[in-house]
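The chain contents come next:
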Amino acid sequence: MCARTSLNENRVLTLSALIASIFAGGGLIVGLLVGSLVIVFDGVYSLISLLLTLLSLVASRYIRKPSDQQFPFGRALFEPAVIAIKGIVILLVVSYSLYSAVSSLLTGGREVDVSIATLFGAINVVGCGFAWWYMAKLSQRYASGLISAEVKQWQMDTMLSVVVTAGFIIALAISFSPLAPYAVYADPLMMLAMSFYFLKVPYGMVKSALREIFLMAPSKEICKKVDQGVIAAGKESEQDIELTGVTKVGPELWVDIDLYPEDNSNVILVEDIEHTRRTIEKRLSNLPLKLQITVNVTR
């Protein structure tokens, strides 16, 4: 990845960290004041998002360092490793919130100042929604696994705020009805519903990151484009070309090619190898990934 792209990635992650810090502080303070489990969870989630974003920021700078003796194949694997850590931490937070919600339901619910909570929730929806939209817009401009992970974090935060606000509006309506004694169950019930829903997103993050860490095949779309590129290179080459492996690792796409000598001559010129490499690079240049192409001469 070029220096300019790396700089843009750092700027996006820094902006995300600043916004997350504002929501973290506000959520924790308001949640503790009104006694709401879901608002405290929202604040804790934002705080953890901030810490994870700072981790992504450090990783982003570290990943871009050139290969050396300690890391002869580069540091691309650090990106999926960081994404896996983020997903696991979010899974743990959601799991603990699920446990807290069940405990509150079994102990008679939670009394919450729903009027203040509803106002805070509405402000959160607007703020988080804007952050999600803006991060998604930047993600389209700057292709990066770390920025994509940030978008997913803000998506979860926005959906969390929407559900919380809707729940508090319902709780506020219930408090003025004959069902007012049951309003204390609104907060833990919302937390319970959100916990089950939000388990899906971090699970997907961890699953995708582990596929890269274990060097598994990338998405079908990437595989299809690589296949088409290799077939096109084979038509332009005098040698037989075979795709033997392809995997995505962080910002890099690793492609292994076997090149067979024509007519069993066992002679392949360096120019043939470089021509094959350049042809494949040209065919795959539209992919937002750094290509690492290995051409093996097979006899």
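Since this is a predicted model, take the numbers as computed values, not measurements. (Residues numbered from 1 in each chain as written. Predicted model: local features only at pLDDT ≥ 70, side-chain atom pairs only at ≥ 80, totals over all residues. Heavy atoms only, no water.)

**Student:** Would you mind going over the pattern of salt bridges with me for this structure?
**Tutor:** Between side chains of opposite charge, a pair can form when the charged atoms approach closely. Using the criterion set out here, one finds three salt bridges in the structure. Salt-bridge contacts for glutamate 212 lead to lysine 248; the nearest nitrogen and oxygen are separated by 2.9 Å. Taken together, the residues glutamate 212 in helix 7 (residues 200-213) and lysine 248 in strand 1 (residues 240-249) connect sequence positions 36 residues apart. Between glutamate 221 and lysine 225 there is a salt bridge, and its shortest N-O distance comes to 3.7 Å. Remark: lysine 225 and glutamate 221 occur in helix 8 (residues 220-236); sequence separation between them is four residues, near one turn of the helix. Given a relative accessible area of 27%, lysine 225 falls into the partly exposed group. (Salt bridge = Lys/Arg side-chain N within 4 Å of Asp/Glu carboxyl O. Helix = DSSP H or I, 4+ residues; strand = E, 2+ residues; numbered from the N terminus. Buried < 20%, exposed > 50% of the residue type's maximum accessible area, 1.4 Å probe, protein only.)

**Student:** Explain the packing of helix 8 against helix 9 (residues 270-283) here, please?
**Tutor:** To characterise two packed helices, one gives the angle between the axes of the helices and the distance between these axes. Contact geometry of helix 8 with helix 9 gives a least axis separation of 9 Å together with a crossing angle of 140°. On the basis of the axis angle, helix 8 is oblique to helix 9. Handedness of the helix 8/helix 9 crossing: right-handed. On the side of helix 8, the interface is formed by Gly229, Val230, Ala232, Ala233 and Glu236, while helix 9 contributes His275, Thr279, Ile280 and Arg283. (Axes fitted to C-alpha atoms, helices over the stretch in contact; angles between N-to-C directions. Parallel < 35°, antiparallel > 145°, perpendicular 65-115°, else oblique. Left-handed = near helix turned anticlockwise from the far one by under 90°. Contact = heavy atoms within 4.5 Å.)

**Student:** Looking at this structure, how should I read a nonpolar patch on the surface?
**Tutor:** Judged by side-chain polarity, Leu47, Leu51 and Leu54 come together as a nonpolar surface patch covering roughly 250 Å² of accessible area. Relative to the helices and strands, leucine 51 resides in helix 2 (residues 37-63). Classification of leucine 51 by relative accessible area gives exposed; the value is 52%. (Patch = residues over 30% accessible without salt bridge, like charges linked within 9 Å, V, L, I, M, F, W, Y side chains within 5 Å. Areas by Shrake-Rupley, 256 points an atom, 1.4 Å probe, with all protein chains shown as cover.)

**Student:** What is the right way to read the domain arrangement of the protein from this model?
**Tutor:** Interfaces are often sized by the amount of accessible area the parts lose when they come together. Split into domains, the protein comes out as domain 1 (1-214) and domain 2 (220-297). Contacts between the two partners involve ten residues from domain 1, matched on the other side by eight residues from domain 2. Carbon and sulfur atoms make up 61% of the area that domain 1 and domain 2 hide from each other, which totals about 710 Å². Here domain 1 and domain 2 share two residue pairs in polar contact (both at pLDDT 80 or more) between them. (Domains from an automatic or database assignment. Buried area = accessible area lost by both parts, 1.4 Å probe. Polar contact = N/O pair within 3.5 Å; in protein donor to acceptor, adjacent residues only side chain to side chain.)

**Student:** Would you explain the UniProt feature "transmembrane region" (unreviewed entry) in the protein in this entry?
**Tutor:** Under the local residue numbering, the UniProt record ascribes the feature "transmembrane region" (unreviewed entry) to residues 12-38, 44-63, 83-102, 114-135 and 156-176. For residues 83-102, the helix share is 100%, the strand share is 0%, and the end-to-end C-alpha distance is 29 Å. (UniProt positions renumbered as here; feature names shortened; annotations may be inferred.)

**Student:** Help me understand unusual backbone geometry in this model?
**Tutor:** Residues other than glycine predominantly adopt negative phi, and peptide bonds predominantly adopt the trans conformation. In this structure, leucine 215 is a non-glycine residue whose phi angle is positive, near 55°. On the accessibility criterion, leucine 215 (44% relative accessible area) is partly exposed.

**Student:** Would you explain helix 4 (residues 114-141) in this entry?
**Tutor:** The α-helix advances 3.6 residues per turn, and as a result positions three or four apart in sequence lie on the same side. In this model, helix 4 (28 residues) spans 40 Å end to end at C-alpha, consistent with the 40 Å of a helix rising 1.5 Å per residue. Inspection of helix 4 places Val114, Ala117, Thr118, Phe120, Gly121, Asn124, Cys128, Ala131, Met135, Leu138 and Ser139 among the buried residues, and these make up the whole buried set. (Expected span 1.5 Å × (residues − 1).)

**Student:** Explain the sheet that holds strand 2 (residues 252-260) to me, please; I cannot follow it from the model alone.
**Tutor:** Strands pair in a sheet through their backbones, by hydrogen bonds, and they do so in one of two ways: parallel or antiparallel. An order of 1-2-3 is seen for the three strands of this open sheet, with the pairing classed as mixed. Only two strands of the sheet have a single neighbouring strand rather than two, namely strand 1 and strand 3 (290-297). Geometrically, the sheet is characterised by an average inter-axis angle of 20° between neighbouring strands, direction not taken into account. Where strand 1 lies against strand 2, nine bridges are found, and the strand directions are antiparallel. Within the sheet, the bridge partner assigned to glutamate 242 lies in strand 2 and is aspartate 258. Set on the sheet, helix 8 makes contact with strand 1 and strand 2; between it and strand 1 the angle comes to about 155°. The sheet strands contacting helix 9 are strand 1, strand 2 and strand 3, and the helix crosses strand 3 at an angle near 150°. (Pairing = 2+ DSSP bridges.)

**Student:** Sorry if this is basic, but what is going on with the packing of aromatic side chains here?
**Tutor:** Aromatic rings considered in pairs are described by the distance between their centres and by the relative angle of their planes. According to the stated counting rule, one finds four aromatic pairs in the structure shown. Taking 6.2 Å as the distance between ring centres and 40° as the angle between the ring planes, the aromatic pair formed by tyrosine 96 and tyrosine 99 counts as tilted. Here tyrosine 99 and tyrosine 96 lie together in helix 3 (residues 78-106), a separation of three residues that amounts to about one turn. Like tyrosine 99, tyrosine 96 is exposed. Note on tryptophan 133 and tyrosine 134: the rings are 6.3 Å apart at their centroids and 40° apart in plane angle, and the pair reads as tilted. A relative accessible area of 48% places tryptophan 133 in the partly exposed class. Joined through ring pairs, the aromatic side chains of Phe130, Trp133 and Tyr134 make up one cluster. (Phe/Tyr/Trp six-rings, centres within 6.5 Å; stacked < 30°, edge-to-face > 60°.)

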